[in-house]
Structures are given as C-alpha cells and as structure tokens.
Amino acid sequence: MKLVDKCLIVENSEIQENIFRMKILSPQMCSIARAGQFLHIKCGGNKHALLRRPISLSYRLAGEDTLVIVYRVEGQGTQFLSEQKPGVKIDVMGPLGRGFAVDQEYGRVVLVGGGMGVAPLAELARVYGNKCTALLGYRSEPFLTREIGAEAGKLLVATEDGSEGHRGFVTDLLPRELSEQTIDLVYCCGPRPMMKRVLDICRTHGVRCQLSLEERMGCGIGACLVCSCATRDKNGNPGYSRVCVDGPVFWDDEVMLDG
Ligand SMILES: Cc1cc2nc3c(=O)[nH]c(=O)nc-3n(C[C@H](O)[C@H](O)[C@H](O)COP(=O)(O)OP(=O)(O)OC[C@H]3O[C@@H](n4cnc5c(N)ncnc54)[C@H](O)[C@@H]3O)c2cc1C
Ligand code: FES
C-alpha cells in the first residue's frame with residue numbers, strides 16, 4: 001500500500017557536512033513502512049526539481065509515529081529538502097518498492113553498508129537487534145554509527161583514511177564474519193563496486209545476499225521505465241526490472257551488476 005500525504009517535518013538537522021537527518025511525522029506511513037523501502041518526496045516542484053526524489057527509509061521511531069531519512073545534498077532537490085525547517089509540511093509518497101526480506105527465524109545476519117548506503121540498514125539493525133553484525137564503511141567521518149551500534153549485536157567500522165576503525169574498505173571485514181559463524185543472510189547497500197565485491201565474497205562462502213540498487217527515478221510507481229536495470233529471472237534468463245517496484249532490493253541471483 002502506498003500513500004500520498006503532506007507530512008510534518010519534526011526535525012531536519014545537519015549531522016555532518018552536507019548530510020542531514022530528517023524526522024517526518026506520519027502515523028500511517030510509519031505503521032506500514034518496512035526496511036529497504038523508500039519515500040518519493042516532492043522537492044519544491046520547480047523546473048530544476050520537477051520530479052519527486054527517492055530517499056530510503058532509514059529507520060522508524062514507532063513510539064513517535066515518525067519516519068527518519070538520512071540524505072546527502074547532491075543537487076537542487078536535496079538542497080531544497082535541507083532548507084526545510086521543522087514545522088513545515090512536505091509532500092511524501094510512500095512507502096514504495098520492495099524492501100529487504102526479513103525473517104525472524106534467521107539466527108545471525110550481517111549488514112554491509114558503504115557511504116549513504118548505510119542509511120537504509122538502520123531499520124534492519126532495529127529489527128534484528130542482537131542477531132545482526134553491522135559492517136559500515138566510509139571514506140572518512142562515519143555517521144549513523146551511534147544509532148546502528150545501539151541496536152546491532154556487533155558493529156565494525158572501516159574508513160578509507162583510517163580516521164576510525166579499520167583503515168581500508170568495509171569489504172575487507174566481511175570474509176572473517178562469514179568464516180567465523182553461520183550467517184543466514186547478508187544485506188548490502190552502497191556503491192556498485194562495493195556491492196560487486198560483497199556479492200563475490202558471499203558466493204565464495206555460500207551465503208545468500210540481498211542488495212539494494214539505486215537508479216535515477218521518474219514516477220517511482222512503475223509507469224515510466226526510467227529506473228530499468230538489467231536483471232535475471234528465476235530461470236537465469238536476462239531481462240529488465242524496474243528498481244522502483246521490483247526493487248530497490250534484489251536477491252543475489254537476480255542482479256547483474258556488470259550490466
Ligand atoms: C531507491 C533510492 C533510494 C535512495 N536513498 C537515498 C538516501 O537514503 N539518502 C541519500 O542521500 N540519497 C538517496 N538516494 C539518492 C537520491 O535520490 C539522489 O541523491 C537525489 O535524487 C538527488 O536529487 P537532487 O535534485 O538533489 O540532485 P540532482 O541534481 O538530481 O542530481 C545530482 C547528482 O546526483 C546524481 N544522481 C541523482 N540521483 C541519482 C541516483 N538515483 N543514482 C545515482 N546518481 C544520482 C546525478 O546524476 C547528479 O550527478 C536514493 C536513490 C534511490 C533510487
Ligand atoms: S521510476 Fe518510473 S518506472 Fe520506475
């Protein structure tokens with residue numbers, strides 16, 4: 001079910017240079033939104049940002065009927081979002097897309113996030129709690145580590161500049177996690193090269209993986225095909241999927257990251 005609603009901004013604060021956390025009040029969306037889904041947000045509607053912009057649900061504050069998004073200012077649309085003050089209402093369509101498959105029967109899961117790809121993993125950390133290990137990678141200056149660390153059973157951070165945690169790529173940390181214990185599923189979101197590496201490592205260890213893909217979007221509801229990406233069907237045949245409705249989350253055997 002998707003809703004279109006004018007939602008009150010409860011908080012919109014810069015948590016790091018050019019990265020903002022926005023809390024949006026919407027009891028209805030909060031009750032149905034799931035990890036890995038996204039919100040399609042009207043960003044002023046002027047000629048520079050005519051189309052809505054997709055931003056992932058980061059996590060829900062169920063007790064406050066609030067959805068939290070974390071976004072980086074990239075262009076006109078996200079600049080508009082960053083200028084909105086608490087008390088203002090924004091036009092939100094959502095929750096949209098196929099989110100992460102969650103199974104409470106899983107014994108142990110690993111979350112692997114890189115850069116802004118860390119944002120949609122926060123809700124998974126909330127859902128799995130002690131059962132999950134979060135591996136979070138950044139170029140420099142981590143964010144959302146406090147929120148995810150408060151929920152996840154284990155948190156490891158990697159920074160490319162060595163300013164915090166392991167110096168290097170977050171994918172350096174994954175093989176050990178998969179070797180040391182039985183992992184039921186790896187959830188991944190981040191830049192394509194990182195996701196390709198995660199996929200390779202998971203295949204080597206025989207562990208299933210779900211990946212959240214990003215494509216430029218138009219309608220967000222499956223009508224315009226702007227977000228088409230190459231995928232495989234369940235028989236392994238190549239084809240195309242719409243990231244907005246068939247994803248953004250895909251199984252390891254569906255994605256074609258080289259395509
Ligand atoms: C399903 C989904 C979930 C997303 N979740 C988040 C999130 O949680 N936090 C966040 O910060 N961003 C997220 N994004 C990316 C976000 O939608 C874009 O940064 C935003 O639309 C840029 O809009 P803009 O008007 O500010 O910039 P624009 O002027 O539209 O673009 C600025 C630059 O960003 C590039 N760009 C814009 N959109 C995309 C895209 N989808 N993929 C690759 N490059 C793009 C453009 O090519 C351009 O170089 C998500 C995207 C998708 C598809
Ligand atoms: S954005 Fe229009 S079909 Fe996906």
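Every chain begins its residue count from 1, and numbering advances along the sequence as written. Chain letters start at A and ligand numbers start at 1, both assigned in the order the entries are written. Only residues with pLDDT of at least 70 get local features here, since the model is predicted, and only at 80 or more are side-chain atom pairs given and counted; chain-wide, interface and lining totals rely on the full set of residues. Think of the side-chain values as coming from all heavy atoms in the structure, minus any hydrogens and water.

**Description of the domain arrangement of the protein chain**
Each assigned domain of the protein chain is listed here: domain 1 (3–96) and domain 2 (109–251). Distance between the C-alpha centres of domain 1 and domain 2: 21 Å. Whether two residues are in contact is decided by their heavy atoms, any of which lying within 4.5 Å being enough. Facing the 20 residues of domain 1 at the interface are 21 residues of domain 2. Buried surface at the junction of domain 1 and domain 2, summed over both partners, amounts to about 1800 Å²; 63% is from carbon and sulfur atoms. Salt bridges are defined by distance alone: a side-chain nitrogen of Lys or Arg within 4 Å of a carboxyl oxygen of Asp or Glu. Note that Glu 147 and Arg 21 form a salt bridge whose closest N and O atoms lie 3.1 Å from each other. A 3.5 Å cut-off defines polar contacts: any pair of N or O atoms within that distance qualifies, except that in protein one atom must be a possible hydrogen donor and the other a possible acceptor, and neighbouring residues in sequence count only when both atoms are side-chain atoms. At the junction of domain 1 with domain 2, the criterion picks out 7 residue pairs in polar contact (both at pLDDT 80 or more). Helix and strand definitions here come from DSSP, where helices need a minimum of 4 consecutive H or I residues and strands a minimum of 2 consecutive E residues; each element is numbered from the N-terminal end. Those elements that provide at least two residues to the side of domain 1 that touches domain 2 are β1 (3–16), β2 (19–25), β3 (38–41), β4 (53–56), β5 (59–61), β6 (66–72) and β7 (89–96). Ranked by residue count, the leading element in the side of domain 1 that touches domain 2 is β6, at 3 residues. The residue classification treats Ala, Val, Leu, Ile, Met, Phe, Trp, Tyr, Cys and Pro as nonpolar and Asp, Glu, Lys and Arg as charged. All others, Gly included, are polar. Residues of the side of domain 1 that touches domain 2, tallied by class, amount to 12 nonpolar, 5 polar and 3 charged. Note that the domain bounds were set by an automatic or database domain assignment. Buried area is calculated as the accessible area (1.4 Å probe) missing from two parts once they are joined, with the contributions of both summed.

**Here we look at the sheet that holds β7**
A sheet is described by the order of its strands in space; here 7 strands give the open sequence β4-β3-β7-β1-β2-β6-β5, paired in antiparallel fashion. Each having just a single partner strand, β4 and β5 make up the two edges of the open sheet. With direction set aside, neighbouring strand axes in the sheet form an average angle of 40°. Here β3 runs beside β4; their pairing, made up of 4 bridges, is antiparallel. Across the sheet, the residue bridging to His 40 is Pro 54, located in β4. Pairing between strands requires that DSSP locate at least two bridges from one strand to the other. Inter-axis angles, ranging from 0 to 180 degrees, are taken between N-to-C directions of lines fitted to C-alpha atoms, where helices are fitted over the stretch in contact.

**A word on the site of ligand 1**
In the region of ligand 1, 17 residues are neighbours, and Arg 53, Pro 54, Gly 77, Thr 78 and Arg 216 sit closest. Here an oxygen atom of ligand 1 sits 2.7 Å away from a polar atom, N or O, in the side chain of Arg 53. At 2.4 Å from an oxygen atom of ligand 1 is found a side-chain nitrogen or oxygen belonging to Thr 78. For accessible areas, the Shrake-Rupley method is used with a probe of radius 1.4 Å. Any residue's cover is judged against the shown protein chains and nothing else. Protein chains bury 76% of the 880 Å² of accessible surface belonging to ligand 1 in isolation. If you list the elements that add at least two residues to the shell around ligand 1, you get β4, β6 and α2 (76–83). Broken down by element, the shell around ligand 1 gets its largest block of residues, 4 residues, from β4. Each of domain 1 (3–96) and domain 2 (109–251) accounts for three or more of the residues forming the shell around ligand 1. Residue proximity to a molecule or strand is established when one non-hydrogen atom of the residue lies within 4 Å of it.

**Overview of the state of the cysteines**
Note on terminology: disulfide denotes any pair of cysteine sulfur atoms within 2.5 Å. By the definition in use, this model includes 0 disulfides. Here Cys 7 is not cross-linked by a disulfide; its sulfur's nearest cysteine counterpart is in Cys 30, at 11 Å.

**Some words on a negative patch on the surface**
Among the surface-exposed residues, Glu 14, Glu 17, Glu 141, Glu 160 and Asp 161 lie close enough to one another that they form a single negatively charged patch. Within the secondary structure, Asp 161 is located in the loop between β10 (154–159) and β11 (166–167). Among the residues examined, Asp 161 registers a relative accessible area of 33% and is labelled partly exposed. For patches, a residue must show more than 30% relative accessible area and have no salt bridge; joins then use 9 Å for like charges and 5 Å for nonpolar side chains, namely Val, Leu, Ile, Met, Phe, Trp and Tyr. Lys and Arg are tallied as positive, Asp and Glu as negative. Neither His nor the chain termini are counted. Working definition for charges: the position is that of NZ of Lys, CZ of Arg, CG of Asp or CD of Glu. For every residue, the accessible area obtained with a 1.4 Å probe (protein chains only) is divided by the maximum for its type, and the residue is called buried under 20%, exposed over 50%, and partly exposed between those limits.

**A word on the packing of aromatic side chains**
Pairing of aromatic rings covers Phe, Tyr and Trp, the last through its six-membered ring, and needs centres within 6.5 Å; plane angles under 30 degrees mean stacked, over 60 mean edge-to-face, and all others mean tilted. Taken as a whole and assessed by the stated rule, the structure comprises 4 aromatic pairs. Note on Tyr 138 and Phe 143: the rings are 5.2 Å apart at their centroids and 70° apart in plane angle, and the pair reads as edge-to-face. Judged on exposure class, the residue Tyr 138 and its partner Phe 143 are both buried. Cluster of aromatic residues (ring-pair linked, three or more members): Phe 100, Tyr 128 and Tyr 187.

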